[in-house]
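# Results of the structural survey
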Amino acid sequence: MQEIHSKREGFSSSIGVIAAILGSAVGLGNIWKFPYVTGVNGGAAFILVYLLCLALVGLPVMLAEHLLGRHTKANAVGAFKALQPGRPWFLVGGAGVLSAFLIMAFYTTVAGWVYSYIFKAAGGTLLSTKPEDTSLVFKTLVSGVSEPLFWQVFVLLVTGSIIMAGVTKGIERVTKVLMPLLFILLVVIDIRSLTLSGAGAGLSFLFKPDFSKITVSVVLAALGLAFFKLSVGMGAMITYGSYVDKNENLPKMAIKVALADTLVSLMAGVAIFPAVFAFGFKPDAGPKLLFIIIPTVFNSMPFGRVFMVLFFVLTAIAATGAMLSLLEVPIAYLTEQYQWTRRNATLLTILGIALLGSTATLSNSLLAKVTLFDKTFFDFFDFATSNVLLPLGGIFIALFVGWQWGYAKVKQEMSNEGKLENDGLVRVYMFLVKYVVPTAIALVLLAGLNIIHF
Ligand code: PFF
């Protein structure tokens with residue numbers, strides 16, 4: 001009980017809350033996934049669709065989760081159980097716990113690559129501006145067996161020990177300091193990338209839309225990225241919302257988080273694409289994009305090696321902040337629903353992820369030929385969560401808040417028990433979660449998965 005009680009003290013300050021929630025949103029999604037998915041899907045037009053998905057769908061679902069979490073002070077499953085006891089709504093939270101495992105399975109693979117790059121950069125293995133050299137370093141790493149597995153386990157141990165320290169001491173303290181530092185470093189890399197000769201082509205790719213590139217699968221990818229980016233659709237934001245103080249202005253907070261998160265993604269795009277074109281790479285290189293481009297950028301600037309080490313350290317930290325929130329979903333569930341100790345819940349969770357995650361890590365070597373629905377384990381976990389489970393979770397969370405919980409309760413929670421005057425906003429919001437969000441997601445999902453055709 002003591003454990004639960006102390007957890008419920010939650011984040012200790014307003015800045016701490018934003019930092020932790022932003023710490024969940026900002027991660028490999030911005031620095032690794034946003035650039036490569038944008039590259040694969042054709043650039044600027046994709047970004048516009050992504051922004052639309054973010055504003056119309058991702059943001060309302062984020063707010064829905066914060067409202068549910070803060071109101072019930074419970075984990076992803078417990079929140080639904082508290083509001084609709086004995087009804088199947090808790091399965092939405094259950095699917096969220098599953099999604100957390102599946103995301104962690106491939107997220108820890110990539111985080112492991114990032115951690116290892118800190119040492120490669122420091123040790124001098126990455127000191128070349130030649131594309132062939134940086135590609136080879138990456139290929140050697142991911143096609144190995146023990147090296148990437150070692151880093152994956154290492155990542156899990158680091159994240160697990162922070163999580164065991166608890167919400168305020170662990171999560172909040174780490175994220176508060178390091179997020180601003182990442183931002184500053186991105187500014188430095190952006191300047192370098194923009195001043196490379198030939199940078200213009202990268203900027204047009206990023207900001208000049210070519211609408212002929214938009215297909216239903218591109219729209220599904222944009223929607224999936226919006227969910228993944230904001231950490232919504234699986235109860236991570238219910239869980240973090242449960243630690244938020246009752247005086248916090250939730251709509252404002254969600255908007256701030258989404259804006260800051262988008263800024264970081266765009267800055268990562270500006271860091272990467274001008275260099276992609278300047279060094280003659282292809283923008284659609286996929287998951288390896290970050291790992292081959294970033295070293296070439298740094299190697300073409302003074303003190304590149306120092307900056308490169310710093311960059312991978314900060315990316316590792318951003319990834320770790322996001323993983324803390326992913327881990328917190330099953331851990332809050334196990335400690336609250338089954339009264340497990342935080343320690344045991346953490347140990348079991350990271351063990352489960354290590355086992356499942358090793359299949360993602362080995363997708364580039366031993367298990368490269370093993371496929372599920374025509375995808376390697378790595379790609380399957382990624383696709384199944386971002387493009388299926390999170391959007392599905394989003395539909396149900398929106399429907400729940402819009403139709404089950406209803407206007408009066410939502411208004412009460414969103415206005416901090418009547419302390420904020422936001423009646424108009426609540427009405428617009430209810431319209432979004434009742435109609436717009438579920439319909440938009442359902443259409444994109446059905447079309448993107450080839451179930452209906454336009
Ligand atoms: N938002 C994180 C990122 O963009 O890297 C990923 C993520 C974290 C997804 C937490 C889901 C989640 F619950």
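Please read all numbers here as calculations on a predicted model, not as lab measurements.

## Concerning the overall build of the chain
- Of regular secondary structure, the chain possesses 19 helices and 0 strands.
- Taking 454 residues into account, the globule formula puts the C-alpha radius of gyration at 22 Å, and the chain, at 21 Å, falls close to it.
- Its C-alpha atoms give the chain principal-axis dimensions of about 60 × 50 × 40 Å.
- Counting only residues that meet the buried cut, the chain has 55% of its 454 residues in that class.

## Let's talk about the nonpolar core
- A111, A222, L223, A226, I293 and L326 are the most contacted members of the largest nonpolar core, which totals 156 residues.
- With 21 residues, helix α15 (residues 304-337) is the single largest residue contributor to this core.
- Excluding anything up to four places from it in sequence, L326 contacts A100, I103, M104, Y107 and A236.

## Some details on the site of the ligand
- Residues in close proximity to the ligand total 15 residues, the closest being G27, G29, S231, A236 and A322.
- When contributions to the shell around the ligand are tallied by element, the ones reaching two or more residues are α2 (14-25), α3 (28-40), α11 (216-230) and α15.
- When the residues that make up the shell around the ligand are grouped by side-chain class, the tally is 8 nonpolar, 6 polar and 1 charged.

## Overview of α11
- In this model, α11 (15 residues) spans 21 Å end to end at C-alpha, consistent with the 21 Å of a helix rising 1.5 Å per residue.
- Burial analysis of α11 places 12 of its 15 residues in the buried class, which makes it a mostly covered element.
- Among all positions of α11, only V219, L220, A221, A222, L223, G224, L225, A226, F227, F228, K229 and L230 are buried.
- The inward-facing, buried residues of α11 contact α2, α3, α4 (44-72), α13 (250-278), α17 (377-405) and α19 (423-448).
- Following α11 by one or two positions, S231 has its phi on the positive side, about 55°.

## Considering the confidence of the model for the chain
- Across the chain, the average pLDDT comes to 92, with 96% of residues at 70 or higher.
- Throughout residues 1-7 the model reports pLDDT below 50, and contacts reaching past four residues in sequence, or to other chains, amount to 7 contacts.

## A closer look at the packing of α3 against α11
- At their nearest, the axes of α3 and α11 sit 11 Å apart, and the two run at 175° to each other. Relative to α11, the element α3 is oriented roughly antiparallel. Contacts between α3 and α11 involve G29, K33, F34 and V37 from the first element and A221, L225, F228 and K229 from the second.
- For the contact of α3 with α11, the residue count by class is 5 nonpolar, 1 polar and 2 charged.

## Structural notes on the environment of A64
- Within the secondary structure, A64 is located in helix α4.
- Judged by C-beta crowding, with 29 C-beta atoms within 10 Å, A64 ranks as buried.
- As for A64 and A398, which are separated by 334 residues in sequence, their C-alpha atoms are 6.8 Å apart.
- When neighbours within four sequence positions are excluded, A64 is seen to be in contact with I397, A398, V401 and V433.

## Here we look at unusual backbone geometry
- Its identity is not glycine, yet K73 carries a phi of approximately 50°, on the positive side.
- Even without being a glycine, F373 presents a positive backbone phi close to 50°.

## Describing the environment of I395
- The topology assignment puts I395 in helix α17.
- Along the chain, I395 and V313 lie 82 residues apart, while their C-alpha atoms are 36 Å from each other.
- Residues contacting I395, with those up to four places away along its chain left out, are P438, I441 and A442.

## Here we look at the environment of M323
- Mapped onto the fold, M323 is located in helix α15.
- Judged by C-beta crowding, with 27 C-beta atoms within 10 Å, M323 ranks as buried.
- On a C-alpha basis, the gap between M323 and V155 in space is 9.4 Å, while along the polypeptide they are 168 residues apart.
- Once residues within four sequence positions are removed from consideration, M323 is found in contact with M104, Y107, A111 and T159.

What counts as what
- Residues numbered from 1 in each chain as written.
- Predicted model: local features only at pLDDT ≥ 70, side-chain atom pairs only at ≥ 80, totals over all residues.
- Helix = DSSP H or I, 4+ residues; strand = E, 2+ residues; numbered from the N terminus.
- Rg over C-alpha atoms; globule rule 2.2 N^0.38 Å.
- Buried ≥ 20, exposed ≤ 12 C-beta atoms within 10 Å, placed from the backbone.
- Core = buried A, V, L, I, M, F, W, Y, C linked by C-beta atoms within 7 Å.
- Contact = placed C-beta atoms within 7 Å.
- Near = placed C-beta within 6 Å.
- Nonpolar A, V, L, I, M, F, W, Y, C, P; charged D, E, K, R; others polar.
- Expected span 1.5 Å × (residues − 1).
- pLDDT = per-residue confidence, 0-100.
- Axes fitted to C-alpha atoms, helices over the stretch in contact; angles between N-to-C directions.
- Parallel < 35°, antiparallel > 145°, perpendicular 65-115°, else oblique.

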